[in-house]
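Close look at the chain arrangement
Okay, here's what each chain looks like letter by letter:
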Amino acid sequence: DAKGDMISAIRFGRMPEAKKQRLKSLLTAEVMHIWERHTNLKLIKLADGAEDNWRYLSSAELPKAPECIDFFHAAEHLNAALGHAYGEGSVKARRRFVELRYVLQEEEGGVDEVIKALSNLARRTRSAKLKAELGYFRNNRERMQYAQLAARGFPIGSGVVEAACKTLVAQRLKQSGMRWSERGGQAILNLRGWAQSGRFDAAWAELAATYQMEVTVVASIVRIR
């Protein structure tokens, strides 16, 4: 809504599969179905930094839209970088993290200041791990314009997705002693996804209409001794 609060969510999950092909096709169909009917909606592509995610989200399959690395994943990388520079858990690392985290989130062009600070540290420390974290920020610079995105009313965190991982999957499929086949687990995820998306009745009606069998009622029955 206008305040950035969630009105509704469509949730679906897949059992582990190679390159998430079925998941991607479902997501594409879902997004395009909505987009073709509501072209006035504001769209943002939001995910963690996994390369496979962004190859898909940046592809021509989906409408063009601003892209954003989940802020909390970015903050984790920032914390790791400063830990490599100053010592993990050190007072200086914690203090600098608070400062740069604020800059990254609240200041326009904050990611450039973070990159500059990490570049200076990388030159002094020569830490390979710190350089790897610096590369993460450089590679995703255009997806870390958090102040600008927030000012336009876009979310910058994927907390709703993280919550779905727990409520859709973990609470149902990861209870004590549970083991699932791919087919059985997927059946549960489908049903649970419909229920959490407010679609169960419609989906069940379509399922019932698809799987029907003609039944012949016997008019008379002769008992055989």
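Our subject is the structure listed above.
A few points on the structure. All figures in this text were calculated on a predicted structure; none of them were measured in a lab.

This brings us to the overall build of the chain. Scanning the chain from N- to C-terminus turns up ten helices and two strands. Walking the chain from its N terminus toward its C terminus, one meets helices and strands in the order α-β-α-β-α-α-α-α-α-α-α-α. Principal-axis analysis of the C-alpha atoms gives the chain an extent of 95 × 45 × 30 Å. Buried residues in the chain amount to 31% of all 225 residues.

Once that is clear, we can look at the nonpolar core. Leu-78, Leu-104, Leu-118, Phe-137, Met-144 and Tyr-146 are the most contacted members of the largest nonpolar core, which totals 34 residues. Ignoring any residue separated from it by four or fewer positions in sequence, one finds Leu-104 in contact with Phe-71, Ala-74, Gly-110, Val-111, Val-114, Phe-137 and Tyr-146. Judged by nonpolar contacts, the second largest core, of five residues, contains Met-15, Leu-168, Leu-173 and Leu-189.

With respect to the helices and strands, His-84 occurs in helix 3 (residues 71–86). Residue His-84 is classed as partly exposed on the basis of its relative accessible area of 32%. A sequence separation of 45 residues divides His-84 from Lys-129, and the C-alpha atoms of the two residues are 6.8 Å apart.

What counts, and at which threshold
Within each chain, residue numbers correspond to sequence positions counted from 1 in written order. Given that this is a predicted model, residues contribute local features only at a pLDDT of at least 70 and side-chain atom pairs are listed and counted only at 80 or more, while totals for whole chains, interfaces and linings are drawn from all residues. Side-chain numbers come from the whole structure's heavy atoms, not from hydrogens or water. Secondary structure elements are taken from DSSP: a helix is a run of H or I of four residues or more, a strand is a run of E of two residues or more, and numbering for both begins at the N terminus. Burial status follows relative accessibility: with a 1.4 Å probe on protein chains alone, a residue under 20% of its type maximum counts as buried, one over 50% as exposed, and anything between as partly exposed. Put simply, buried Ala, Val, Leu, Ile, Met, Phe, Trp, Tyr and Cys residues joined by side-chain atoms within 4.5 Å make one nonpolar core. Contact definition: two residues touch when any of their heavy atoms are within 4.5 Å.

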